Each structure stands twice: as structure tokens, then as C-alpha cells.
Amino acid sequence: MKKIIAYEMSFTKEIECSDEKLCIPFQQKYWNEYKQKYNECFYEMRKDLEVEPINFYSSYSQMIDKASNTYLYLENGSIAGAVSCYENEIDDLFVDKAFQRQGLGRKLLLWGISHIKQQGYNEIILHVAKWNQNAIKLYLETGFTIQKEERVR
């Protein structure tokens with residue numbers, strides 16, 4: 001079993017909260033597409049880190065408690081990316097492979113920060129696997145700082 005190291009990162013800077021309607025709340029009609037794109041985006045990491053099941057989502061029952069905190073970015077009616085915001089935590093941010101390297105990850109991250117700030121939180125946290133160097137780079141460039149390193153497994 002491979003060792004998994006994750007960072008807890010924190011964002012405490014001031015930003016201008018945007019009224020931009022970048023994302024829409026998750027709706028059940030998007031479940032099959034969300035499941036497929038989520039599993040695709042996290043497949044390589046989960047496989048490399050030997051996290052089972054490799055395809056995390058298989059049943060809508062897994063999404064029921066998360067749906068009200070998940071937001072979708074649509075491009076021509078299809079999911080191009082998504083982000084979840086749980087109180088002051090950003091989680092499950094992903095961008096469909098067809099839309100990567102176009103700045104959408106940064107837009108989703110900034111949207112999530114703004115959304116959480118509008119709820120009254122000053123500090124925003126997220127957790128990221130050390131394996132995911134592209135995400136870590138984005139988070140650091142955006143103003144997050146590493147608060148602690150923890151062994152998850």
C-alpha cells in the first residue's frame with residue numbers, strides 16, 4: 001500500500017467578491033455526466049496512489065449529501081468543471097480534460113473562494129494530495145499557503 005501525503009492549505013487574503021454567475025448549483029439531471037467526469041479526472045491519481053475504488057462514484061446515493069454544496073461550470077450545456085464548497089472548505093475541484101490548461105481551474109478556485117467569503121468566512125481551507133503538483137502550484141499562485149503536511153495513509 002502506497003503512502004499518501006496531503007497538504008492542508010489556507011487562504012486568508014482579501015479578495016473582491018464577484019457577482020459573476022460562473023457556476024450553477026448541482027442538479028440531479030447532471031449526475032451521470034458528473035460521475036463520469038469526476039471519475040475520469042481523479043482516475044490517474046487514485047490509480048497511482050492505489051486508492052480504492054479507483055472510480056469513486058458509482059451510485060447517486062454517494063452524492064445526495066454533497067449535492068447542495070456542489071457547483072457546476074457548464075460549457076454548451078456540458079460540465080466543463082466543478083467545485084464543492086463545504087462551509088469554509090473547497091473540495092473536489094476538477095476540470096474536464098478537454099478544458100484543462102485554459103484557466104478554468106483558476107476561475108473555479110476564485111469562484112469558490114468568493115462564494116465562501118460571501119458566506120462570511122475569513123479563512124478558506126482545502127486539502128490536496130502531494131501527488132497533485134499542478135493543483136498545488138495553482139493554489140500557491142492564488143495565495144494559499146501550506147499549513148501542514150499530513151500522512152493520510
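The structure presented is a predicted model; accordingly, all values stated were derived computationally and were not measured.

Quick notes on the rules
Residues numbered from 1 in each chain as written. Predicted model: local features only at pLDDT ≥ 70, side-chain atom pairs only at ≥ 80, totals over all residues. Heavy atoms only, no water. Helix = DSSP H or I, 4+ residues; strand = E, 2+ residues; numbered from the N terminus. Buried < 20%, exposed > 50% of the residue type's maximum accessible area, 1.4 Å probe, protein only. Lys, Arg positive; Asp, Glu negative; His and termini not counted. Salt bridge = Lys/Arg side-chain N within 4 Å of Asp/Glu carboxyl O. Contact = heavy atoms within 4.5 Å. Pairing = 2+ DSSP bridges. Axes fitted to C-alpha atoms, helices over the stretch in contact; angles between N-to-C directions. Phe/Tyr/Trp six-rings, centres within 6.5 Å; stacked < 30°, edge-to-face > 60°. Patch = residues over 30% accessible without salt bridge, like charges linked within 9 Å, V, L, I, M, F, W, Y side chains within 5 Å. Areas by Shrake-Rupley, 256 points an atom, 1.4 Å probe, with all protein chains shown as cover. Charge placed at Lys NZ, Arg CZ, Asp CG, Glu CD.

J.: So what exactly am I meant to see when it comes to the side chain of E8 here?
T.: In this fold, E8 is placed in strand β1 (residues 5–11). Although buried, E8 forms no salt bridge, and the nearest oppositely charged side chain, K148, lies 4.1 Å from it. Discounting chain neighbours no more than four positions away, the residues touching E8 are L126, H127, T145, I146, Q147, K148 and E150.

J.: Could you clarify how one ought to interpret the sheet that holds β1 in this entry?
T.: Hydrogen bonding along the main chain pairs the strands of a sheet, whether they run parallel or antiparallel. Taken together, the seven strands give an open sheet; going across it, the order is β2-β3-β4-β5-β6-β1-β7, and neighbouring strands pair in mixed fashion. Strand pairing shows two members of the sheet lacking a second neighbour, β2 (24–25) and β7 (145–151), which therefore form its edges. Summarising the sheet, β1 and strand β6 (residues 124–129) pair through six bridges and their orientation is antiparallel. Opposite F11, over in β6, you have I124 as the bridge partner. Those strands touched by helix α1 (residues 31–48) are β3 (70–75), β4 (78–86), β5 (89–95) and β6, and its axis lies near 90 degrees from that of β5. Packing against the sheet, helix α2 (residues 104–118) makes contact with β1, β3, β4, β5 and β6, and its axis sits at approximately 155 degrees to β5.

J.: Hey, could you run me through the packing of aromatic side chains in this one?
T.: A ring pair, where both rings are aromatic, is described by two values, the distance of the centres and the angle of the planes. As enumerated under the stated definition, the model contains 15 aromatic pairs in all. Ring geometry for F11 against F144: centres 5.2 Å apart, planes inclined by 45 degrees, an arrangement best described as tilted. Remark: F144 occurs in the loop between α3 (133–142) and β7 and F11 occurs in strand β1; sequence separation between them is 133 residues. Accessibility expressed as a relative area gives 1% for F11, which makes it buried. Feature note: the residues F26, W31, Y34, Y38, F42, F56, Y57, Y60 and F94 constitute an aromatic cluster, connected by ring pairs.

J.: What's the story with a negative patch on the surface in this structure? I'm lost.
T.: Taken together, the side chains of E44, D48, E50 and E52 present a region of like negative charge at the surface. The topology assignment puts E50 in the loop between α1 and β3.

J.: I tried to follow the pairing of β6 on my own but got confused; where do I start?
T.: Regular strands place side chains that alternate from one sheet face to the opposite one. Of all six residues that make up β6, five are buried, and the element is covered over most of its length. Pairing geometry for β5 and β6, over two bridges, is parallel. By the bridge assignment, E89 is partnered in β6 with I125.

From the geometry alone we can't say anything about function, so treat these as descriptive.
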